[in-house]
Amino acid sequence: FFFFNDTATTEIYTEQIVGSVRCVQETGLEEVYSVSWLTAQYVKENYPEINKVYVLGREGLVEDFQKEGIEVVSSISHDNMQIDPKSCEYIEIDKDIKAVVTGSDYWFNYYKISYAYYCITENNAKFIAAIEDNILPTANKGRFRPGGGCVAKALQHCTHQPFVVGKPNPYGIKKIIQNFGFDNQKCLMIGDTLDTDILCGINANIHTLLTLSGVTSEEALFNQKEISPNYYIDKLIL
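Model, not experiment: these values are computed from the prediction.

1. So, the sheet that holds strand β6 (residues 126–129)
Phase 1 of the analysis: Reading across the sheet, the five strands line up as β4-β3-β5-β6-β9 and stay open at both edges, with parallel pairing between neighbours. Two strands bound the open sheet, and with one partner strand each, they are β4 (71–74) and β9 (163–164).
Phase 2 of the analysis: Examined bridge by bridge, strand β3 (residues 52–56) and strand β5 (residues 99–102) share four bridges and lie parallel to one another. Each residue of the ladder has a partner; that of Val53, found in β5, is Ala99.
Phase 3 of the analysis: Contacts between helix α5 (residues 110–122) and the sheet are confined to β3, β4, β5 and β6, with β3 contributing the most and set at about 150° to the helix.

Listed below in structure tokens is the structure:
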């Protein structure tokens with residue numbers, strides 16, 4: 001199981017799977033991957049010298065970085081910070097922060113983007129995004145909400161393009177295939193969005209199944225030719 005929602009930890013997702021998916025009898029932590037855990041792993045493996053990050057996101061990212069022994073300055077502590085342009089010039093950042101990690105932040109504000117901006121431009125911190133979804137479906141059918149990728153895009157506009165760990169980057173899929181010794185041709189990526197879910201599967205060289213119950217409609221699928229899933233269905237019920 002691979003979850004691209006960065007707001008919860010792997011342990012929480014494991015509990016949800018065992019409690020809600022009928023086809024699952026036993027699921028261990030080693031069988032569940034979350035994009036927040038994957039992002040922490042990416043930093044640990046590729047930048048072992050980084051021991052402190054600024055997480056512009058929620059508890060899932062914060063806790064998974066802390067579990068890897070990486071100190072976190074969390075944007076959660078800045079949820080209620082209000083600042084004007086003049087005061088922004090005098091924000092004091094932690095000089096030991098060597099990476100800015102973005103995810104979903106429902107309390108995004110000008111102070112947070114300013115703090116992250118100074119970390120990148122003054123500390124030369126790495127800019128890493130856990131996700132880049134632009135919109136997400138809601139329970140109100142036919143209506144969407146801004147995705148967590150909007151945070152990364154806002155910061156990118158005043159700095160530079162981040163390295164994106166989540167989809168459509170195949171990093172996570174390839175890690176799962178490698179860890180379990182799977183055959184690519186026996187793997188299937190299921191998702192409801194062409195330019196993230198399905199493109200991720202294509203980039204990982206595995207089969208893809210698009211469900212038409214989320215972001216991408218049947219009309220949108222056939223109005224473009226750049227991304228083609230192997231299969232598509234109206235909806236998937238477990």
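Next, the rest of the story.
2. Regarding α5
Phase 1 of the analysis: Here α5 spans 18 Å end to end across 13 residues, near enough to the 18 Å set by a 1.5 Å rise per residue.
Phase 2 of the analysis: For α5, every residue scored as buried is listed here: Tyr111, Lys112, Ile113, Ser114, Tyr115, Ala116, Tyr118, Cys119 and Ile120.
Phase 3 of the analysis: In this structure, the buried side of α5 is in contact with β3, β4, α4 (85–88), β5, β6 and α6 (149–158).
Phase 4 of the analysis: Capping of α5 at its N-terminal end is provided by Asn109; its side-chain oxygen lies 3.1 Å from the backbone amide nitrogen of Tyr111.
Phase 5 of the analysis: Downstream of α5 by a residue or two, Asn124 has a phi angle that is positive, lying close to 55°.

3. Points about the pattern of salt bridges
Phase 1 of the analysis: All chains considered together, the criterion is met by 13 salt bridges.
Phase 2 of the analysis: Linking Glu68 and Lys44 is a salt bridge whose minimum nitrogen-to-oxygen distance equals 3.0 Å. Highlighted residues: Glu68 in the loop between α3 (59–67) and β4 and Lys44 in helix α2 (residues 35–46), separated in sequence by 24 residues.
Phase 3 of the analysis: Looking at Glu68, the relative accessible area reads 18%, which means it is buried.
Phase 4 of the analysis: Residue Glu45 pairs with Lys175 through a salt bridge whose shortest N-O separation is 2.8 Å. Residue Glu45 is found in helix α2, and its partner Lys175 is found in helix α7 (residues 171–180); the two are separated by 130 residues along the sequence.
Phase 5 of the analysis: The exposure class of Glu45 is partly exposed, given its relative accessible area of 43%.
Phase 6 of the analysis: Here Lys175 falls in the buried class, since its relative accessible area comes to 12%.
Phase 7 of the analysis: Among the ionic contacts, a cluster of salt bridges with common partners joins Arg58, Asp79, Asp105 and Lys112.

Definitions and limits used
- Residues numbered from 1 in each chain as written.
- Predicted model: local features only at pLDDT ≥ 70, side-chain atom pairs only at ≥ 80, totals over all residues.
- Heavy atoms only, no water.
- Pairing = 2+ DSSP bridges.
- Helix = DSSP H or I, 4+ residues; strand = E, 2+ residues; numbered from the N terminus.
- Contact = heavy atoms within 4.5 Å.
- Axes fitted to C-alpha atoms, helices over the stretch in contact; angles between N-to-C directions.
- Expected span 1.5 Å × (residues − 1).
- Buried < 20%, exposed > 50% of the residue type's maximum accessible area, 1.4 Å probe, protein only.
- Polar contact = N/O pair within 3.5 Å; in protein donor to acceptor, adjacent residues only side chain to side chain.
- Salt bridge = Lys/Arg side-chain N within 4 Å of Asp/Glu carboxyl O.

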